[in-house]
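Topology and contacts: notes
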Amino acid sequence: MGTYNGEKYLAEQLQSIASQTYTNWNLIVSDDGSTDSTCEIIEHFALKYPNKVVLHKGPGKGFAANFLSMLQRSDIDSDYYAFCDQDDIWLDGKLESAVMQLNSVPQNKYKLYGSRTKLIDSNGNCIGYSPCFKKAFCFNNALLQSYAGGNTMVFSRGLKQLFETFPADLKIVSHDWILYIICSAMNGVVIYDREPLILYRQHAHNLVGSNIGLLSKFRRFNRLFSGEFKIWSRMNCTALDCIKESMPNENQVNYVRFKSLKKGLVKRIASFIFGGFYRQSFVETCAFFIMNVFRKLV
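What this report covers is the structure whose coordinates are included nearby. Please read these numbers as outputs of a predicted model, since none were measured by experiment.

1. Digging into the overall build of the protein
- A tally of helices and strands in the protein yields 11 helices and 11 strands.
- A compact globule built from 298 residues should have a C-alpha radius of gyration of about 19 Å, and the protein, at 19 Å, falls within 12% of that.
- Principal-axis analysis of the C-alpha atoms places the extent of the protein at approximately 60 × 40 × 35 Å.
- In the protein, which comprises 298 residues, the share counted as buried stands at 52%.
- Here the analysis covers contacts within the protein between residues at least 6 apart in sequence; of these, 77% occur between residues at least 24 apart.
- By element, 55% of the accessible surface of the protein is carried by carbon and sulfur atoms, the whole surface being about 14100 Å².
- For the protein, the centre of its 34 positive side-chain charges and the centre of its 26 negative side-chain charges are spaced 12 Å apart.

See below:
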């Protein structure tokens, strides 16, 4: 769990962890410099669950760097790991369902589970659901979008160990997206649960909110087109360069095609088409094709 000034909703999230039907959990918290009572709430919770809660000091460089710092700690060892935000609510069966589905595919050491979310407002009232994706989850999709919120993700030791080999000063866009990118780049198993098992709180202080509604999508696309996505892609490529020699051959080929999206117009169009890059929405894939035409992807 990454925390920063989360006193308002933190106790409710901690209680939802304690109420999990899967009881073999430990909570590792990295606090990024809270000035409110966040750390005190965590310490009080730790007294109720001895030897199950550890509080670390975060790097103080934002939420993505905070989660990455925990990914890269070799002293945090487990069969599975779950990202956890400070202001959501986990339904009782969240961990048990994720672990059961991950255990059903034991043949691959790179395994990632993610799910849809039920959206709630600051008062806990349901306001909708995250989109239900239906297309395949693979490297060609991951290069253009994440498939699930980090607050839903549970993943294997093998996947975490890859991140332990990355440079300590690596900069990432978001911990959930890069996890999907790296897992799919290694032909890992990506599980998508269409059953929401987390209440994802939407409020004025969300660092990353749910991208729903036409106006929200338009504003987001405008930011991406203005150069934001190109910056993100280059950050993701820096991480991928750390493992490119270990990637399966077909993914190496498509990674080269993806990086070719910054070349001449004909090369960009051919690379996008033959690379088969796509988003879960056909309309969004078309929008990203247009971005590619204008050299806005890499």
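Now, onward.
2. Remarks on the sheet that holds strand 3 (residues 53-57)
- What the 3 strands build is an open sheet, ordered 1-2-3; its pairing is parallel. Strands with a single pairing partner mark the edges of an open sheet, and in this sheet they are strand 1 (2-3) and strand 3.
- As judged from the 5 bridges shared by strand 2 (residues 27-31) and strand 3, these two strands associate in the parallel manner. Across the sheet, residue L27 finds its bridge partner in strand 3, namely V53.

3. Examining the pairing of strand 11 (residues 198-201)
- The two faces of strand 11 match: I198 and Y200 on one face and L199 and R201 on the other face are all buried.
- Note that strand 5 (residues 89-90) and strand 11 share 2 bridges and pair antiparallel. Bridge pairing in strand 11 links I89 to L199.
- Note that strand 7 (residues 118-120) and strand 11 share 3 bridges and pair parallel. Its bridge partner lying in strand 11, K118 is registered against L199.

4. Details of the pattern of salt bridges
- This structure, assessed with the given rule, holds 8 salt bridges.
- When the shortest N-O distance is used, the salt bridge between R201 and E12 registers 2.9 Å. Of this pair, R201 sits in strand 11 while E12 sits in helix 1 (residues 10-18), and the two are 189 residues apart along the sequence.
- By relative accessible area, which is 1% here, R201 ends up buried.
- With a relative accessible area of 43%, E12 lands in the partly exposed category.

5. Things to note about the layout of surface pockets
- In this structure, the second largest pocket occupies an estimated 680 Å³ of space.
- As for the second largest pocket, its lining consists of 27 residues, of which N26, S78, Y80, Y81 and A82 are closest to the centre.
- In the lining of the second largest pocket, the residues fall into 20 nonpolar, 3 polar and 4 charged.

6. Some details on the packing of helix 6 (residues 157-164) against helix 7 (residues 175-185)
- Running from N to C, helix 6 and helix 7 cross one another at 105°; their axes reach a closest spacing of 11 Å. Between helix 6 and helix 7, the angle is such that the two are roughly perpendicular. Of helix 7, the residues touching helix 6 (which contributes L159, L162 and F163) are I178, L179, I182 and C183.
- Its residues assigned to classes, the contact of helix 6 with helix 7 comprises 7 nonpolar, no polar and no charged.

7. Focus: the sheet that holds strand 10 (residues 189-193)
- Within the open sheet, the 4 strands sit side by side as 4-9-6-10. Their pairing is mixed. For this open sheet the edge positions go to strand 4 (80-82) and strand 10, each flanked by a neighbour on one side alone. Neighbour-to-neighbour, the strand axes of this sheet turn through a mean angle of 15°, independent of strand direction.
- Bridging between strand 4 and strand 9 (residues 154-156) involves 3 bridges; their strand directions are antiparallel. Across the sheet, Y81 pairs through a bridge with F155, a residue of strand 9.
- In the packing of helix 4 (residues 94-103) onto the sheet, contacts are made with strand 4, strand 6 (111-115), strand 9 and strand 10, and the angle to strand 6 comes to roughly 140°.
- In this fold helix 7 packs onto strand 6, strand 9 and strand 10, with an angle of close to 135° to the strand it touches most, strand 6.

8. What to know about helix 6
- Considered for burial, the residues of helix 6 that qualify are G158, L159, K160, L162 and F163.
- Residues of helix 6 that are buried sit in contact with helix 3 (63-71), strand 4, strand 6, strand 9 and helix 7.

Cut-offs used in this document
Residues numbered from 1 in each chain as written. Predicted model: local features only at pLDDT ≥ 70, side-chain atom pairs only at ≥ 80, totals over all residues. Heavy atoms only, no water. Helix = DSSP H or I, 4+ residues; strand = E, 2+ residues; numbered from the N terminus. Rg over C-alpha atoms; globule rule 2.2 N^0.38 Å. Buried < 20%, exposed > 50% of the residue type's maximum accessible area, 1.4 Å probe, protein only. Contact = heavy atoms within 4.5 Å. Areas by Shrake-Rupley, 256 points an atom, 1.4 Å probe, with all protein chains shown as cover. Lys, Arg positive; Asp, Glu negative; His and termini not counted. Charge placed at Lys NZ, Arg CZ, Asp CG, Glu CD. Pairing = 2+ DSSP bridges. Salt bridge = Lys/Arg side-chain N within 4 Å of Asp/Glu carboxyl O. 1 Å grid on protein atoms, 1.4 Å probe; cavity = no way out; pocket = protein on both sides within 12 Å on 5 of 7 lines; lining within 4 Å. Points joined across faces, edges and corners; volume = space filled by probe spheres on them. Nonpolar A, V, L, I, M, F, W, Y, C, P; charged D, E, K, R; others polar. Axes fitted to C-alpha atoms, helices over the stretch in contact; angles between N-to-C directions. Parallel < 35°, antiparallel > 145°, perpendicular 65-115°, else oblique.

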